[in-house]
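A structural walkthrough
The lines below spell out each chain.
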Amino acid sequence: MTKLVQAEPRDMVASGGPAFRQAMAQVASAVHVVTTQGPAGRAGMTATSVAPVSDDPPTMLVCIEAASRTLAAIEASGAFCINTLGDQSIELAEIFARRRNLEGEARFATADWITLATGAPVLADALVAFDCRLIDVKHVATHRILIGEVVAMGGVGTGAGLVYRRRGFSSV
Ligand SMILES: Cc1cc2nc3c(=O)[nH]c(=O)nc-3n(C[C@H](O)[C@H](O)[C@H](O)COP(=O)(O)O)c2cc1C
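In every chain, residue numbers begin from 1 and rise along the written sequence. The predicted nature of this model means local features are confined to residues of pLDDT at least 70 and side-chain atom pairs, given and counted, to a pLDDT of 80 or more, with totals for whole chains, interfaces and linings taken over all residues. With hydrogens and water stripped out, all remaining heavy atoms of the structure feed into the side-chain values.

**Quick look at the pairing of strand β6 (residues 79-84)**
Only protein chains enter the accessibility calculation, which uses a 1.4 Å probe; a residue is then buried when its area is under 20% of its type maximum, exposed when over 50%, and partly exposed in between. Counting from the N terminus, the helices are the DSSP runs of H or I reaching at least four residues and the strands are the DSSP runs of E reaching at least two. Most of β6 sits out of view: 6 of its 6 residues are buried. The alternating pattern of β6 places Ala79, Cys81 and Asn83 and Phe80, Ile82 and Thr84 on opposite faces, both of which are buried. Here, strands pair whenever DSSP counts at least two bridges between them. As judged from the 4 bridges shared by strand β2 (residues 32-38) and β6, these two strands associate in the antiparallel manner. Residue pairing across strands places valine 34 opposite isoleucine 82, the latter belonging to β6.

**Structural notes on a nonpolar patch on the surface**
On the surface, Phe20, Met24 and Val27 cluster together into a nonpolar patch covering about 270 Å² of accessible area. Counting through the fold element by element, methionine 24 comes out in helix α2 (residues 17-24). For methionine 24, a relative accessible area of 42% gives the class partly exposed. For patches, a residue must show more than 30% relative accessible area and have no salt bridge; joins then use 9 Å for like charges and 5 Å for nonpolar side chains, namely Val, Leu, Ile, Met, Phe, Trp and Tyr. Here, Shrake-Rupley sampling with a 1.4 Å probe gives the accessible areas, and only protein chains in the shown set may cover a residue. A pair is scored as a salt bridge if a Lys or Arg side-chain nitrogen falls within 4 Å of a carboxyl oxygen belonging to Asp or Glu.

**Thoughts on unusual backbone geometry**
Cis geometry is found at the peptide bond from aspartate 56 to proline 57, where omega equals 5°. By the secondary structure assignment, proline 57 is in the loop between β4 (50-54) and β5 (59-65). Even without being glycine, arginine 98 reaches a positive phi, approximately 65°. Looking at the secondary structure, you find arginine 98 in the loop between α4 (90-95) and β7 (113-115). Not every positive phi belongs to a glycine, and arginine 166 is a case in point at roughly 50°. In this fold, arginine 166 is placed in the loop between β11 (162-165) and β12 (168-171).

Purely spatial values, then, with no claim about function.
Here you go:
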C-alpha cells in the first residue's frame, strides 16, 4: 500500500500546533456558515469542523473556538443553523471568517436570509441548510463541540459545492 504521509515516531510525538495545522491543511472540507439569532441580533461564522452524528434522530455537530462570539450567541439562543455553501459564496465565507473586518449583523448584509423552525438565519442560496436545536455542549481543550438535533432542513439542493484545502477555496 502506498504511504501518503511519511511520519516518524518523533513527528507523532511533536504533532501539536503548526505541525497539526499543516497536516489538517491537506484535508478537503466542505465549507459552512453557522448562524444563530442571538439575544443581541444575528451572529454567524464560517466553519469546516462540521459533521453528521446520527441518523435517527438526525443530529449534527460543529466545533467552535471558545472565544467565538457566535458560540456565545448560540449558547444563549439554544439553536443554530448549519448553512452549507455553494461555490458562489466564497466572499461570504471570507466575511464570516472575520477576514473583512465585519462583525455580528454586518456580516449578513450581502446575502438573502430566511428562517425555518428555530429562527436561526438560513442562507437563501445554501446548497443545504440544517436548522438545529442545541441539545449538548462538550468542552474539549480550546473548543466546544455543539451537538444539534436537526428540526428542519432547507437549501436549494443543487449546484457546485465549496471546499477548503491548502488554505484556499475551490469548487467541487
Ligand atoms: C475555511 C475556514 C474554516 C473555519 N472553520 C472554523 C471552525 O470549524 N471552527 C471555528 O471555531 N472557527 C473556524 N474558522 C474561524 C472562524 O470563522 C472565525 O474565527 C470567525 O470569524 C469567528 O467569528 P465570531 O467570533 O464572530 O464567532 C474557520 C475559518 C475559515 C477561513
